[in-house]
Amino acid sequence: FKSPLATKVYVAVFNLSFLGCGLVCLSNMVYRSVPYHIFSTDLLTAYMHLPAWQSWYRWRHFVRSTGCDELLTSVLHDKSRANIVGPACRICGWLVLVVQSVVVLDVTAGLSLPRTLGLGRAPGHEEWGNFPHHGVAEFTAVHADAMWALI
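Please read all numbers here as calculations on a predicted model, not as lab measurements.

How each quantity is defined
- Residues numbered from 1 in each chain as written.
- Predicted model: local features only at pLDDT ≥ 70, side-chain atom pairs only at ≥ 80, totals over all residues.
- Heavy atoms only, no water.
- Helix = DSSP H or I, 4+ residues; strand = E, 2+ residues; numbered from the N terminus.
- Buried < 20%, exposed > 50% of the residue type's maximum accessible area, 1.4 Å probe, protein only.
- Contact = heavy atoms within 4.5 Å.
- Areas by Shrake-Rupley, 256 points an atom, 1.4 Å probe, with all protein chains shown as cover.
- pLDDT = per-residue confidence, 0-100.
- Axes fitted to C-alpha atoms, helices over the stretch in contact; angles between N-to-C directions.
- Parallel < 35°, antiparallel > 145°, perpendicular 65-115°, else oblique.
- Left-handed = near helix turned anticlockwise from the far one by under 90°.
- Nonpolar A, V, L, I, M, F, W, Y, C, P; charged D, E, K, R; others polar.
- Salt bridge = Lys/Arg side-chain N within 4 Å of Asp/Glu carboxyl O.
- Phe/Tyr/Trp six-rings, centres within 6.5 Å; stacked < 30°, edge-to-face > 60°.
- 1 Å grid on protein atoms, 1.4 Å probe; cavity = no way out; pocket = protein on both sides within 12 Å on 5 of 7 lines; lining within 4 Å.
- Points joined across faces, edges and corners; volume = space filled by probe spheres on them.
- Disulfide = S-S within 2.5 Å.

Tallying secondary structure elements over the protein chain gives seven helices and two strands in all. Secondary structure elements in the protein chain, listed N-terminal to C-terminal, are α-α-α-α-α-α-β-β-α. Each of the 151 residues in the protein chain was classed as buried or not, and the buried ones make up 21%. Excluding contacts between residues fewer than 6 apart, the proportion of contacts in the protein chain whose partners are at least 24 apart in sequence is 64%. Roughly 10,800 Å² of accessible area belongs to the protein chain as shown, and the carbon and sulfur atoms make up 71% of that amount.

Right under this line is the structure:
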């Protein structure tokens, strides 16, 4: 963004959404509400948020660095390469935007299963080990609302 305020708002919203989504996934390992699979799968799903966030963080810092400017300057120094790279970046940028939008819509639709399946008080596990575990239905509702808001 050209506006420093818009950049700060974007970074704050992105980080809070990613953190919130990761915490909800981590919490689901305890509550085991829909879409709970097996512990190892849900642990991997919760863990995935760390390398994904780190990738975004590192890429953002690279793009904003002088090294990126130097790389682009050297690539675009030759006019014939500039005529190829410029349109290729625009086309790839639009393709990435379309793919990202499709993924967000797919994840939002596919992972909204807590809303679709879980609010009828089942499935879900009201027992955790040998101990009664109350609040699964309530967590399922929170899980569903959080997915719509955070994704």
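Okay, the confidence of the model for the protein chain next. The predicted model of the protein chain has a mean per-residue pLDDT of 80, with 77% of residues at 70 or higher. The low-confidence segment residues 126–131 (pLDDT under 50) makes 13 contacts with residues lying over four places distant or belonging to another chain.

Further remarks concern the side chain of Thr7. For Thr7, the position within the fold is in helix α1 (residues 4–31). Not counting the four nearest positions on each side in its chain, Thr7 is found in contact with Phe1, Arg60 and Arg64.

Moving on: the packing of α1 against helix α3 (residues 49–63). Running from N to C, α1 and α3 point in directions that differ by 165°, and their axes come no closer than 10 Å. In terms of orientation, α1 lies roughly antiparallel with respect to α3. Read as a crossing pair, α1 and α3 show a hand that is left-handed. Here Thr7, Tyr10, Val11, Phe14, Asn15, Phe18, Cys21, Gly22 and Cys25 of α1 lie close against α3, whose contacting residues are His49, Ala52, Trp53, Trp56 and Arg60. Residues of the contact of α1 with α3, tallied by class, amount to nine nonpolar, four polar and one charged.

Going through the model one piece at a time under the given rule, you end up with one salt bridge. One salt bridge connects Asp78 with Arg81, and the closest N-O pair in it is separated by 3.6 Å. A relative accessible area of 41% places Arg81 in the partly exposed class.

Another aspect to go through is the packing of aromatic side chains. Within the structure shown, the criterion is met by six aromatic pairs. Taken together, Tyr10, Phe14, Phe18 and Trp56 form an aromatic cluster joined through their ring pairs.

This part is about the layout of surface pockets. Where empty space is left in the structure can be found by rolling a water-sized probe over the atoms. Of the volumes computed, that of the second largest pocket is approximately 330 Å³. Every residue along the wall of the second largest pocket is listed here: Leu72, Leu76, Val85, Gly86, Cys89, Cys92, Gly93, Val96 and Gln100. Where the lining of the second largest pocket is concerned, the elements lending two or more residues are α4 (66–76) and α5 (79–110). Residue contributions to the lining of the second largest pocket peak at seven residues, all from α5. The class makeup of the residues in the lining of the second largest pocket is six nonpolar, three polar and no charged.

Here we take up the state of the cysteines. Evaluated as defined, the whole model comprises zero disulfides. Here Cys21 is not disulfide-linked; the sulfur of Cys25 is the nearest cysteine sulfur, at 4.5 Å. On the basis of relative accessible area, Cys25 is assigned to the buried category, the value being 14%.

Moving on, we get to the side chain of His49. Mapped onto the elements, His49 comes out in helix α3. Sequence-distant contacts of His49, that is, excluding residues within four places in its chain, are made with Phe18, Cys21, Gly22 and Cys25.

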